[in-house]
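Residue-level structural notes
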Amino acid sequence: MDPRNDVMLAQYMNDEPLPPDYRSPVRVVIPGYVGWRCVRKLSKIRISDIWDNRVLPSFATEKDGEFVTAMFTHPSTSRNEQNLISVIMKPAQGEKITLSDARNGKTYRTEGYAYDGGGHELQRVEVSLDGGETCLYCIRKIPEEPIRHGNKFWTWMQWRISLEISYLLRCKGISVGCWNVFKTTQPEHPSWNTMRIMNKYWYVVRPEVIETRENGVPGI
Ligand SMILES: Nc1nc2c(c(=O)[nH]1)N[C@H]1C(S)=C(S)[C@@H](COP(=O)(O)O)O[C@H]1N2
Ligand SMILES: [Mo]
């Protein structure tokens, strides 16, 4: 119902008709909103109240009951706009990084993506190698094309940072977090709710730095 929140009815994806997995012939795409609100295999549209996908406070633990029912039907608990997320794509979990590269002074390029719902701009992405005590500022690739209505960022953003491999050797993990236009950031830990949804806390990857012999074969 918001005139500045674009809604698309899509028949094509990457210039091809929607494949059956995406439930052809037509689907809804609501940028900035959670996937669950983007109905596939669309047959009719009607305006209605929605009683699903609710984020309840953590003290609502029972499955039914008056309180939970009231919460489930209250507009404030509906899950619509996506929330802040940042993810490390490289290194992958458990990826092996060779130590000989560290001796040669090589750096390792860590990469990932970040996104905020509602079209909000992402202003900062930081990785940490010491559980958040010190943070390293990442380079962001800011999209230009998908900005609409002057300030709606309808797509994810890619980020990268080059790290000294010798630092990776000593670190317990690489964590990432991002900040949006409100200077709000992701929490370190999840906050429990009955449906276990909308939890996008620090993303942590633990690469494995391994010793290699001169011929590149992993040593012991
Ligand atoms: N008809 C129908 N549409 C649906 C769903 C579904 O189960 N049935 N799942 C939703 C959810 S939860 C998501 S995340 C997206 C996934 O869309 P994708 O296949 O384009 O990633 O479709 C949404 N649309
Ligand atoms: Mo989903």
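Residues numbered from 1 in each chain as written. Chains lettered and ligands numbered in written order. Predicted model: local features only at pLDDT ≥ 70, side-chain atom pairs only at ≥ 80, totals over all residues. Heavy atoms only, no water.

Observations regarding the overall build of the chain
In terms of regular secondary structure, the chain is built from three helices and 16 strands. On C-alpha atoms alone, the chain measures out to a radius of gyration of 21 Å, which is more than a quarter above the 17 Å that the 2.2 N^0.38 rule sets for 220 residues. Each principal axis of the C-alpha atoms in the chain carries an extent, and together these give about 65 × 45 × 35 Å. Counting over 220 residues, the chain shows a buried share of 35%. (Helix = DSSP H or I, 4+ residues; strand = E, 2+ residues; numbered from the N terminus. Rg over C-alpha atoms; globule rule 2.2 N^0.38 Å. Buried < 20%, exposed > 50% of the residue type's maximum accessible area, 1.4 Å probe, protein only.)

Quick word on unusual backbone geometry
Each neighbour pair has its own omega, and for Lys90 with Pro91 the value is 5°, a cis peptide bond. Phi angles above zero are rare outside glycine, and Lys41 is one such case at about 50°. Topologically, Lys41 is positioned in the loop between β4 (27-29) and α1 (66-72). You can call Lys41 exposed: its relative accessible area is 53%.

Looking at the site of ligand 1
With respect to spatial proximity, the complete set of residues near ligand 1 consists of Tyr22, Arg23, Arg27, Gly35, Trp36, Cys38, Val39 and Arg40. Measuring from an oxygen atom of ligand 1, one finds a side-chain N or O atom of Arg27 at 2.5 Å. Here Cys38 contributes a backbone N or O atom positioned 2.9 Å from a nitrogen atom of ligand 1. Burial of ligand 1 by the protein amounts to 58% of the accessible area it has alone, namely 530 Å². Split by residue class, the shell around ligand 1 holds four nonpolar, one polar and three charged. (Near = heavy atom within 4 Å. Polar contact = N/O pair within 3.5 Å; in protein donor to acceptor, adjacent residues only side chain to side chain. Areas by Shrake-Rupley, 256 points an atom, 1.4 Å probe, with all protein chains shown as cover. Nonpolar A, V, L, I, M, F, W, Y, C, P; charged D, E, K, R; others polar.)

Comments concerning the sheet that holds strand β10 (residues 139-141)
Within the open sheet, the four strands sit side by side as β5-β7-β13-β10. Their pairing is antiparallel. Only two strands of the sheet have a single partner each, and these edge strands are β5 (85-90) and β10. Taken over all neighbouring pairs, the strand axes of this sheet differ in orientation by 30° on average, direction set aside. As paired strands, β10 and strand β13 (residues 157-164) are joined by three bridges and run antiparallel to one another. Of the residues in β13, the one forming a bridge with Ile139 is Arg160. (Pairing = 2+ DSSP bridges. Axes fitted to C-alpha atoms, helices over the stretch in contact; angles between N-to-C directions.)

Here's the deal with the nonpolar core
Of all hydrophobic cores here, the largest spans 21 residues; its most connected members are Ala114, Val125, Val127, Trp159, Leu163, Leu168 and Ile174. Those elements that place two or more of their residues in this core are β7 (107-115), β8 (122-128), β13, α3 (165-170) and β14 (174-180). When residues of this core are assigned to their parent elements, the largest contribution, four residues, is made by β13. Residue contacts for Ala114: discarding those within four places in its chain leaves Ile85, Ser86, Leu122, Val125, Trp156, Met157, Trp159 and Cys178. Of all hydrophobic cores here, the second largest spans five residues; its members include Val28, Ile30, Cys38 and Leu42. (Core = buried A, V, L, I, M, F, W, Y, C linked by side-chain atoms within 4.5 Å. Contact = heavy atoms within 4.5 Å.)

Re the environment of Gly177
Among the structural elements, Gly177 can be located in strand β14. Overall, the relative accessible area of 5% leaves Gly177 in the buried class. Taking the C-alpha atoms as reference, Gly177 lies 7.1 Å from Tyr203; in sequence the two are 26 residues apart. Among residues more than four places away in sequence, those in contact with Gly177 are Ser86, Arg124, Val125, Glu126 and Gln186.

A few points about the sheet that holds strand β9 (residues 136-137)
The strand order across the open sheet built from four strands is β9-β8-β14-β15, with neighbouring strands paired in antiparallel fashion. Two strands lie at the open edges of the sheet, namely β9 and β15 (203-205), each paired on one side alone. Pairing of β8 with β14 involves six bridges; the strand directions are antiparallel. Residue pairing for β14: Arg124 is matched across the bridge by Trp179.

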